[in-house]
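Here are the chains, one letter per residue:
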Amino acid sequence: MGGRKRTRVRSSVDQLPPEIKAQLDAKLMDTANTYEDISLWLKGQGYQVSKSAVGRYAIRSNQAAQRVAETLERTQAIAAAVEQHPDLDYTKAASMVLMDGLMQKVSTAEEEFAEMPLDKAGRLIASLSRNATYDKRVRQELKHKAELAFEELEAELMSAIKQDPELSGPLHDILTRAKEKLMEDG
């Protein structure tokens, strides 16, 4: 496997001046224009670009635009989730997006991932796993602290209302429901 690795595409379209390239992009958006029509237009402008080169450029542009659109869609979904759930952990959401991107690269074996050193991919996945483990541990610690706080509060309330036994039952029920609610939300 000692062959040449191509890391960048070099095309005659990439050599076009920005204003001509912008016009080319506009012509590609209009599906009434064929690649041959666009190639002929470019030749009329003084640029020798084959219809195949126009087609390859259109495919690359569409793929890039699709990746941008997918990323924008994911970002909007995260923003909507955060808006609906203000207590959402941003770090966890960002890790989920990163893990999703990595898993997509793994599952589709995209060229960029294929060129990524295996040890780097492993470190990225291990880092995300550590973040998930840390998140789980923090949540467990918070849950344990909340349970201790409720037990303390219950003991204080029960000692304060011993003079009125009728209140102890309803207050105990209220505390139990509050504790259950907190634990299911956490």
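This write-up is about the structure you can find in this document. (Residues numbered from 1 in each chain as written. Predicted model: local features only at pLDDT ≥ 70, side-chain atom pairs only at ≥ 80, totals over all residues. Heavy atoms only, no water.)

**Points about the overall build of the chain**
Next up, step 1: Along the chain, the regular secondary structure elements total seven helices and zero strands.
Next up, step 2: If you list the helices and strands of the chain from N to C, you get α-α-α-α-α-α-α.
Next up, step 3: Classification of the 186 residues of the chain by burial places 16% in the buried group.
Next up, step 4: Sequence separation of at least 24 residues holds for 49% of the intrachain contacts in the chain that already meet a minimum separation of 6. (Helix = DSSP H or I, 4+ residues; strand = E, 2+ residues; numbered from the N terminus. Buried < 20%, exposed > 50% of the residue type's maximum accessible area, 1.4 Å probe, protein only. Contact = heavy atoms within 4.5 Å.)

**Some thoughts on the nonpolar core**
Next up, step 1: Core analysis: the biggest nonpolar cluster contains eleven residues, these being V13, L16, I20, L24, I38, W41, L42, V49, A53, V54 and Y57.
Next up, step 2: Every element with two or more residues in this core is listed here: α1 (18-29), α2 (35-44) and α3 (51-84).
Next up, step 3: Dropping the residues within four chain positions of it, V49 is found in contact with S12, V13, L16, S39, L42, K43 and V54. (Core = buried A, V, L, I, M, F, W, Y, C linked by side-chain atoms within 4.5 Å.)

**Points about helix α6 (residues 118-160)**
Next up, step 1: The first and last C-alpha atoms of α6 sit 63 Å apart over 43 residues, in line with the 63 Å expected at 1.5 Å per residue.
Next up, step 2: Every buried residue of α6 is accounted for by A121, L128, D135, A146 and F150. (Expected span 1.5 Å × (residues − 1).)

**Regarding the packing of α1 against α2**
To characterise two packed helices, one gives the angle between the axes of the helices and the distance between these axes.
Next up, step 1: At a minimum axis distance of 11 Å, the contact between α1 and α2 shows a crossing angle of 160°. Taken together, the axes of α1 and α2 lie roughly antiparallel to each other. Relative to α2, α1 is oriented so that their crossing is right-handed. For the pair formed by α1 and α2, the contact residues are I20, Q23, L24, K27 and L28 on the first element and Y35, I38, W41 and L42 on the second.
Next up, step 2: Grouping the amino acids of the contact of α1 with α2 by side-chain chemistry returns seven nonpolar, one polar and one charged. (Axes fitted to C-alpha atoms, helices over the stretch in contact; angles between N-to-C directions. Parallel < 35°, antiparallel > 145°, perpendicular 65-115°, else oblique. Left-handed = near helix turned anticlockwise from the far one by under 90°. Nonpolar A, V, L, I, M, F, W, Y, C, P; charged D, E, K, R; others polar.)

**A word on the side chain of S39**
Next up, step 1: In this fold, S39 is placed in helix α2.
Next up, step 2: Residue contacts for S39: discarding those within four places in its chain leaves V49, S50, K51 and V54.

**Side note on the packing of α1 against α3**
Next up, step 1: One way to put it is that α1 packs onto α3 with a least axis distance of 11 Å and a crossing angle of 80°. With respect to their mutual orientation, α1 and α3 come out roughly perpendicular. Counted together, K21, L24, D25 and L28 of α1 and V54, Y57 and A58 of α3 form the full contact between these two elements.
Next up, step 2: Class assignment of the residues belonging to the contact of α1 with α3 gives a composition of five nonpolar, no polar and two charged.

Interpretation note: all reported values are geometric properties and have no functional meaning in isolation.
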